[in-house]
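The chain contents come next:
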Amino acid sequence: MTREELMPIRDHMMAAIMQEPFVQGIRNGKISQASRDYYVAQDHYYVDVFMRLLDQTNVQLPLELRRKEMTASNESDAHLGLAPSEQYQQIAVGEHNTSYLNHLRATVAQGDPLASMLALLPCTESYGLIAQDLQQQGVASNGFNVWVDYYTNQAYQSVIDWSWRTVDQLFAQKQSAPADYASIYETSYQHELAFWQAANQ
Ligand SMILES: Cc1ncc(CN)c(N)n1
């Protein structure tokens, strides 16, 4: 398998994600306070677990492919850009969130670094693509541009580049293909879409 075989999945899922009202709302400034509170509550929890899974994945990689400064990323700045109210701290973790994280946990627990990387990739990659697309469309200076700036930033984009380079190398080293890598990657993308859908409160 190669990266190119996954691109149709990515393109199809990204087209759906870009239509989501919350995503378009980041561009045009039209997202209710309740939706922003709900999204930030879910994402605050999600990012915390995700970063731990990324650390575990990094350790599964051969030494020469590991990333050194893994914990440098902090998405609270992006969250603050969406101006949540204090209410967000009272919001419980949603089922869509638990279900996404369970998919990631179960995949990383298999201990196959390629499967782990492909489960985590839609998370990192889709936000980079969303932010680049919104920037090209032109984001109103509504404060939400801070969110776009965070994910178009070189520091964030470099994690995406590293992820794909690593996946390319792991594919090249693989003799056989025991796991259904395309479906692991696609399932994460479906959870990404569900995450945006759930944010419409
Ligand atoms: C659900 C989700 N997916 C992706 C990202 C970007 N790291 C995020 N913050 N939250």
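So, here is what we can say about the structure in this document.

What counts, and at which threshold
Each residue is numbered by its place in its chain's sequence as written, counting from 1. For this predicted model, a pLDDT threshold of at least 70 governs which residues receive local features, and a threshold of 80 or more governs which side-chain atom pairs are given and counted, while totals over whole chains, interfaces and linings are taken from all residues. Here the side-chain values reflect all heavy atoms present in the structure, with hydrogen atoms and water set aside. To be near a molecule or strand, a residue needs just one of its heavy atoms within 4 Å of it. Throughout this description, a polar contact denotes any pair of N or O atoms lying within 3.5 Å of each other; where both atoms belong to protein, one of them has to be capable of donating a hydrogen while the other can accept it, and for residues adjacent in sequence the pair is counted only when both atoms sit in side chains. Here the open area of atoms and residues is found with the Shrake-Rupley method and a 1.4 Å probe, where only the protein chains shown may cover a residue. We count a salt bridge whenever a side-chain nitrogen from Lys or Arg sits within 4 Å of a carboxyl oxygen from Asp or Glu. Numbering of helices and strands runs from the N terminus; a helix is a DSSP stretch of H or I covering at least four residues, while a strand is a stretch of E covering at least two. Per-residue accessibility, obtained with a 1.4 Å probe over protein chains only, is compared with the maximum for each type, and a residue is labelled buried under 20%, exposed over 50%, and partly exposed between these values. With axes taken as lines fitted to C-alpha atoms, and helix axes fitted only over the stretch in contact, angles between N-to-C directions fall between 0 and 180 degrees. For classification purposes, angles smaller than 35 degrees are called roughly parallel, those larger than 145 roughly antiparallel, those between 65 and 115 roughly perpendicular, and all remaining angles oblique. Each crossing gets its handedness from the near helix: less than a right angle anticlockwise from the far helix is left-handed, clockwise is right-handed. The contact definition used throughout considers only heavy atoms, calling two residues in contact when any of these lie within 4.5 Å. Under the scheme applied, nonpolar residues are Ala, Val, Leu, Ile, Met, Phe, Trp, Tyr, Cys and Pro; charged residues are Asp, Glu, Lys and Arg; polar residues are all the others, including Gly. Expected span of a helix: the number of residues minus one, times 1.5 Å. The arc under discussion is defined with respect to the helix axis, by the directions toward the C-beta atoms. Joining through side-chain atoms within 4.5 Å is the link that ties buried Ala, Val, Leu, Ile, Met, Phe, Trp, Tyr and Cys residues into a set, and such a set is a nonpolar core. Ring pairs shown here join Phe, Tyr and Trp side chains whose ring centres sit within 6.5 Å, with only the six-membered ring taken for Trp; geometry is labelled stacked below 30 degrees between planes, edge-to-face above 60, and tilted in between.

**Structural notes on the site of the ligand**
No. 1: Around the ligand, the neighbouring residues are D43, Y46, V47, E75, C123, Y127, Y151, Y156, E192 and F195.
No. 2: In the environment of the ligand, a nitrogen atom lies 2.5 Å from a nitrogen or oxygen atom belonging to the side chain of D43.
No. 3: Measuring from a nitrogen atom of the ligand, one finds a side-chain N or O atom of Y156 at 3.3 Å.
No. 4: Contact with the protein chains hides 99% of the accessible area of the ligand, taken as 290 Å² for the molecule alone.

**Quick look at the pattern of salt bridges**
No. 1: What the rule picks out here adds up to 5 salt bridges.
No. 2: A salt bridge links R3 to D168, with the nearest nitrogen and oxygen atoms 2.7 Å apart. Note that R3 is positioned in the segment before α1 (7-19) and D168 in helix α8 (residues 154-173), a separation of 165 residues in sequence.
No. 3: Across the salt bridge formed by E125 and R10, the nearest N and O atoms sit 3.6 Å from each other. With E125 in helix α6 (residues 113-137) and R10 in helix α1, the pair connects residues that are 115 residues apart, well separated along the chain.
No. 4: Accessibility expressed as a relative area gives 21% for R10, which makes it partly exposed.
No. 5: Through salt bridges with shared partners, one network takes in R10, D11 and E125.

**Focus: the packing of α6 against helix α7 (residues 145-152)**
No. 1: For the pair α6 and α7, interaxial distance at closest approach is 8 Å and the crossing angle is 125°. On the basis of their axis angle, the class for α6 and α7 is oblique. Read as a crossing pair, α6 and α7 show a hand that is left-handed. Across the interface between the two elements, Y127, G128, I130, A131, Q132, L134 and Q135 of α6 pack against W147, V148, Y151 and T152 of α7.
No. 2: Tallied by class, the residues present in the contact of α6 with α7 amount to 7 nonpolar, 4 polar and no charged.

**Focus on α1**
No. 1: Along its 13 residues, α1 runs 19 Å from first to last C-alpha, staying within 8% of the 18 Å computed at 1.5 Å per residue.
No. 2: Listing the buried residues of α1 in full gives M7, I9, M13, M14, I17 and M18. Buried positions in α1, seen along its axis, are confined to an arc of 150° and lie on one side of it. Residues of α1 that are exposed and point over 90 degrees away from its buried face: P8, H12 and Q19.
No. 3: Each element contacted by the buried residues of α1 is listed here: α2 (21-28), α6, α8 and α9 (181-198).

**Description of the nonpolar core**
No. 1: Within the largest apolar cluster, 65 residues are counted, with the highest numbers of intra-cluster contacts made by I26, Y39, I130, W147 and W196.
No. 2: The set of elements that each furnish at least two residues to this core consists of α1, α2, α3 (33-60), α5 (95-109), α6, α7, α8 and α9.
No. 3: Residue contacts for I26: discarding those within four places in its chain leaves I31, L82, L134, V139, N142, F144, W147, V148 and W196.

**Considerations on the packing of aromatic side chains**
Pairs of aromatic rings are described using the distance from one ring centre to the other and the angle between the two planes.
No. 1: For the structure shown, the criterion picks out 18 aromatic pairs.
No. 2: An angle of 35° between the planes, with centres 5.6 Å apart, marks the rings of F22 and W196 as tilted. One end of the pair, F22, is in helix α2; the other, W196, is in helix α9, and 174 residues separate them in sequence.
No. 3: In this structure W196 comes out as buried when scored by relative accessible area, which is 0%.
No. 4: Geometrically, the ring pair formed by Y46 and F195 is edge-to-face, given 5.6 Å between the ring centres and 65° between the ring planes. Linking Y46 in helix α3 with F195 in helix α9, this pair joins segments that are 149 residues apart in sequence. Exposure class is identical for Y46 and F195. Each is buried.
No. 5: Here a set of aromatic residues connected by ring pairs shows up, and it is made of F22, Y39, Y46, F50, Y100, Y127, W147, Y150, Y151, Y156, F195 and W196.

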